[in-house]
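Summary of the model geometry
Chain by chain, the residues:
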Amino acid sequence: FNTNNNNTNNNNTNDDASPPSRLSTFQTDLQHFLNLTTPFQTYFDSIPHVNKNRMHYPEYMDICQSRYEGLRDVLVRQGETTSEWILQEFLKSEDVVVSGEEFFRESLSRWGVDPCVDVG
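Since the structure is predicted, the reported quantities are computational estimates derived from the model, not experimental observations.

What the protein contains, in helices and strands, is 4 helices and 0 strands. In sequence order, the secondary structure elements of the protein are arranged as α-α-α-α. By the burial criterion, 21% of the 120 residues in the protein qualify as buried. Considering only residue pairs separated by 6 or more positions, the protein has 46% of its internal contacts joining residues 24 or more positions apart. For the protein, the accessible surface area stands at approximately 9,800 Å², while carbon and sulfur atoms represent 51% of it.

Turning to helix α3 (residues 69–88), a few remarks are in order. If you check α3, its first and last C-alpha atoms are 28 Å apart, about what 20 residues at 1.5 Å a residue would give, namely 28 Å. Where α3 is concerned, the buried positions are Arg72, Val76, Gly79, Ser83 and Ile86. Mapping the buried residues of α3 onto a view down its axis gives an arc of 95°, with all of them on the same face.

This part covers the state of the cysteines. Scanning all chains against the criterion turns up 1 disulfide. One disulfide bridge connects Cys64 with Cys116, the sulfur atoms lying 1.9 Å from each other. Its S-S torsion of about -75° marks the bond between Cys64 and Cys116 as left-handed, since a negative value means left-handed. Here the residue Cys64 occupies a position in the loop between α2 (41–45) and α3, and Cys116 occupies one in the segment after α4 (101–109), the gap between them amounting to 52 residues.

Attention shifts here to the environment of Phe26. Looking at the element boundaries, Phe26 is found in helix α1 (residues 22–33). Residue classification places Phe26 among the partly exposed positions, given a relative accessible area of 34%. It is 6.9 Å that separates the C-alpha atoms of Phe26 and Gly100, two residues lying 74 residues apart in sequence.

Turning our attention to the confidence of the model for the protein. For the protein, per-residue confidence averages 78 on the pLDDT scale, and residues scoring 70 or more make up 71% of the total. Of all the helices and strands in the protein, α2 carries the lowest mean pLDDT, 58, while α3 carries the highest, 95. Across residues 1–15 the pLDDT falls below 50, and counting only partners more than four positions away or on other chains, this stretch makes 26 contacts in the model.

Attention now goes to the pattern of salt bridges. When their charged atoms lie close together, side chains carrying opposite charge are able to pair. If you walk through the whole model with that rule in mind, you get 2 salt bridges. A salt bridge links Asp114 to Arg72, with the shortest nitrogen-to-oxygen separation between them at 2.9 Å. With a gap of 42 residues between them, Asp114 in the segment after α4 and Arg72 in helix α3 connect regions that are remote in the sequence. Residue Arg105 pairs with Glu101 through a salt bridge whose shortest N-O separation is 2.9 Å. Highlighted residues: Arg105 and Glu101, both in helix α4, separated by 4 residues, approximately one helical turn. On the basis of relative accessibility, which here comes to 30%, the residue Arg105 falls in the partly exposed class. Residue classification places Glu101 among the partly exposed residues on the basis of a relative accessible area of 29%.

The rules we used
Residues numbered from 1 in each chain as written. Predicted model: local features only at pLDDT ≥ 70, side-chain atom pairs only at ≥ 80, totals over all residues. Heavy atoms only, no water. Helix = DSSP H or I, 4+ residues; strand = E, 2+ residues; numbered from the N terminus. Buried < 20%, exposed > 50% of the residue type's maximum accessible area, 1.4 Å probe, protein only. Contact = heavy atoms within 4.5 Å. Areas by Shrake-Rupley, 256 points an atom, 1.4 Å probe, with all protein chains shown as cover. Expected span 1.5 Å × (residues − 1). Arc of directions from axis to C-beta. Disulfide = S-S within 2.5 Å. pLDDT = per-residue confidence, 0-100. Salt bridge = Lys/Arg side-chain N within 4 Å of Asp/Glu carboxyl O.

If you want it as structure tokens, here you go:
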């Protein structure tokens, strides 16, 4: 796995400080990857949050309804296959850069899990 920079997860120099947020880690990693001198913080802070309010549209579907179980099965199987390929093949490329590797891997590990099934 290659992040192509030496700053990943080293955004704070104070040992007592809380760890950097995923956003600040991403901003710093992207800044370094692009060889920029100006931080992204002011740009990202001004982006409106998408899906902040749940909107319902006529074409809205609740994927957790039992009538969509077959579709969910296909999507979950495809998600699992895709996440395995990303983790086992794609990330091995020297041309691939990922910020927040641990979070990224954790997120991919959930692609093969049906979000509608109670885990508890």
